[in-house]
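Observations on chain architecture
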Amino acid sequence: MIHGLGIDTVEVKRIAAILERWQDSFTNRVFTGEEISYCEARVNRFQHYACRLAAKEAFFKALGAPRVSGIAWRDISVVSPGGQPPYLILDGKARYWLDKMEIGAVHLSLTHTPLVGSAVVILERVERC
C-alpha cells in the first residue's frame with residue numbers, strides 16, 4: 001500500500017546562485033560527501049545538485065513528517081551507481097521515521113534539463129497479513 005507520494009522541482013539557476021554564494025557551508029550542510037563527489041565530477045554540476053535537493057524535498061513530502069521531525073538534510077542521500085537507477089539511502093531520523101511508519105520500499109525517479117532538476121519519491125508501507 002502506498003504511504004505517500006512526493007514531487008519537487010528545483011531551478012538550476014537558483015541552486016547555482018546558492019552554491020556560488022554559500023559554497024561549502026551550504027553543500028556540507030545539505031549534501032553527503034558521496035553526493036558532493038558525484039555532482040562535482042559532472043560537467044553541469046548544478047543540474048545534479050538540483051535533482052538531489054529536489055529528491056530530499058520530495059522525500060519529506062512523501063513521508064508526511066513535519067520539518068520538526070528531526071530529519072537532517074544529510075540523513076537523506078541520493079546514490080547513483082554507474083549504469084543503475086539512482087536510489088535513496090536513509091540514515092538517522094529519516095530511517096527512524098521510515099521504520100516507525102512501517103515503510104518497506106522507497107522509490108525514486110530523477111530528471112533534469114538545463115533549467116530544472118526534478119524528483120519523485122513514492123513510499124510503500126509494509127503489507128501485514
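Just above sits the structure.
So, a few notes on the structure that sits alongside this text. These figures come from a predicted structure and were not determined experimentally.

Under the criterion given, the structure shown has five aromatic pairs. With a centroid separation of 6.0 Å and an interplanar angle of 70°, the aromatic rings of Phe26 and Phe31 are classed as edge-to-face. Residues Phe26 and Phe31 agree in their burial class; the two are buried. Ring centres of Phe60 and Trp73 lie 5.7 Å apart, and the angle between their planes is 85°; this geometry places the pair in the edge-to-face category. Taken together, the residues Phe60 in helix H3 (residues 45-63) and Trp73 in the loop between H3 and strand E2 (76-79) connect sequence positions 13 residues apart. Taken individually, Phe60 and Trp73 each receive the classification buried, so the pair is uniform in this respect. In textbook terms, an aromatic cluster arises when at least three aromatic residues are bridged by ring pairs, as seen for Phe26, Phe31 and Tyr49.

Rules behind the numbers
- Residues numbered from 1 in each chain as written.
- Predicted model: local features only at pLDDT ≥ 70, side-chain atom pairs only at ≥ 80, totals over all residues.
- Heavy atoms only, no water.
- Phe/Tyr/Trp six-rings, centres within 6.5 Å; stacked < 30°, edge-to-face > 60°.
- Buried < 20%, exposed > 50% of the residue type's maximum accessible area, 1.4 Å probe, protein only.
- Helix = DSSP H or I, 4+ residues; strand = E, 2+ residues; numbered from the N terminus.

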